[in-house]
Every structure is written in C-alpha cells, then in structure tokens.
Amino acid sequence: IDVSKEGLNVSLVDQDGRSMFPEGSTQPYERTRRVLEAIAPTLRRMPNRVAVTGHTASPRPGMSATGSPWEMSAGRAISVREILATSGMPDDRFATVAGKADAEPFFPDNPYIAANRRVTITLIREAPPIPFGAQP
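Residues numbered from 1 in each chain as written. Predicted model: local features only at pLDDT ≥ 70, side-chain atom pairs only at ≥ 80, totals over all residues. Heavy atoms only, no water.

Q: Please explain a nonpolar patch on the surface as it appears in this structure.
A: A contiguous nonpolar surface patch, about 320 Å² in accessible area, is contributed by Ile-1, Val-3 and Leu-8. The topology assignment puts Val-3 in strand E1 (residues 2-3). Val-3 gets classed as exposed once you look at its relative accessible area, which sits at 61%. (Patch = residues over 30% accessible without salt bridge, like charges linked within 9 Å, V, L, I, M, F, W, Y side chains within 5 Å. Areas by Shrake-Rupley, 256 points an atom, 1.4 Å probe, with all protein chains shown as cover. Salt bridge = Lys/Arg side-chain N within 4 Å of Asp/Glu carboxyl O. Helix = DSSP H or I, 4+ residues; strand = E, 2+ residues; numbered from the N terminus. Buried < 20%, exposed > 50% of the residue type's maximum accessible area, 1.4 Å probe, protein only.)

Q: I tried to follow the sheet that holds E1 on my own but got confused; where do I start?
A: Within a beta sheet, neighbouring strands are joined by backbone hydrogen bonds and run either parallel or antiparallel to one another. Spatially, E1-E2-E5-E3-E4 is the arrangement adopted by the five strands of the open sheet, whose pairing is mixed. Here the strands that pair on one side only, and so sit at the sheet edges, are E1 and strand E4 (94-99). Relative to strand E5 (residues 118-124), strand E2 (residues 7-13) runs antiparallel, the two sharing seven bridges. Each residue of the ladder has a partner; that of Asn-9, found in E5, is Thr-122. (Pairing = 2+ DSSP bridges.)

Q: Can you help me understand the pattern of salt bridges in this one?
A: Proximity of charged atoms lets side chains of opposite charge pair with each other. Taken as a whole, this structure holds five salt bridges when the rule is applied. A salt bridge links Glu-30 to Arg-33; the shortest N-O distance between them is 4.0 Å. Of the two residues, Glu-30 and Arg-33 both sit in helix H1 (residues 30-45), three residues apart, roughly one turn of that helix. The exposure class of Glu-30 is partly exposed, given its relative accessible area of 44%. A salt bridge links Glu-126 to Arg-49; the shortest N-O distance between them is 2.8 Å. Placement of Glu-126 in the segment after E5 and of Arg-49 in the loop between H1 and strand E3 (50-55) is noted, with a sequence separation of 77 residues between them. Residue class for Arg-49 comes out partly exposed when judged on its relative accessible area of 36%.

Q: Looking at this structure, I do not really get the nonpolar core. What am I missing?
A: In globular proteins that are soluble, nonpolar side chains generally tend to be buried together. Residues Val-50, Val-52, Val-80, Leu-84 and Ile-121 are the most contacted members of the largest nonpolar core, which totals 17 residues. When contributions to this core are tallied by element, the ones reaching two or more residues are H1, E3, helix H2 (69-86) and E5. No other element matches the four residues that H2 contributes to this core. (Core = buried A, V, L, I, M, F, W, Y, C linked by side-chain atoms within 4.5 Å.)

Interpretation note: all reported values are geometric properties and have no functional meaning in isolation.
Written out as structure tokens, the structure is:
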C-alpha cells in the first residue's frame with residue numbers, strides 16, 4: 001500500500017515461487033481470488049472511484065514472453081475488476097481498467113523480477129462531486 005499523486009494504491013505483487021496467476025493465464029489462483037474478495041468490502045465502503053491496472057515483468061534476455069504482455073496485463077486487470085464487482089463493488093465505481101505490460105516496472109533496475117508482475121487497485125484522489133443545482 002502506498003500513496004501517490006493519483007491516490008491510494010493497493011498493489012498485489014508476485015513473489016518468487018508464489019504467483020497470483022498461473023503462467024500465461026488471466027484467471028487468478030483461488031488464493032488470489034480470496035484475497036480480492038476479502039478486501040472488496042473495505043474498498044466498497046470508501047467513496048473513491050477505483051482504477052485497476054495490471055503489470056507484467058520484462059522477459060529475460062533470450063527468453064520470449066508467454067503471449068502478449070499487453071493482453072496479459074489487461075486481461076488480469078479485467079479479471080480483478082470482475083472479482084471486485086461480483087464481491088459487491090458497483091460498476092459505476094470503476095474509473096479505468098488498464099494493462100501496462102512491462103512499461104512501468106515496480107523495480108526499474110531489475111525489470112525481470114517477479115515483483116514487477118502486479119495488479120494495482122488505486123482509490124483515486126479527486127474532488128468530491130458538486131451536488132446537482134449547487135454553485136461551485
């Protein structure tokens with residue numbers, strides 16, 4: 001969990017030997033699904049809109065990526081959004097769902113490590129809406 005200019009970021013991050021998703025899949029392991037279902041009620045209580053972003057690690061030199069990293073990161077972000085939605089997060093709370101492939105590594109000095117594979121749920125920092133008929 002960290003604070004950025006965009007808002008509060010909650011990142012689920014792969015570790016060596018403990019991935020959130022099977023290799024090449026956009027559907028998470030059951031333990032990942034349970035974590036997302038567990039945090040959904042807290043996210044739902046917050047008034048912020050939410051952005052879900054998927055990221056991949058860079059393939060090591062000489063290795064080829066398993067599928068398109070853009071499609072993989074976007075597909076994983078979509079899966080996370082779907083799990084949050086089925087756990088009670090209203091559709092109008094989702095501002096964006098995006099895949100960033102390996103374009104924004106968590107560890108730029110080592111773009112190959114597992115921790116660069118992550119899904120970030122951002123509670124977006126934005127001014128509250130002005131009620132209908134109110135003057136700004």
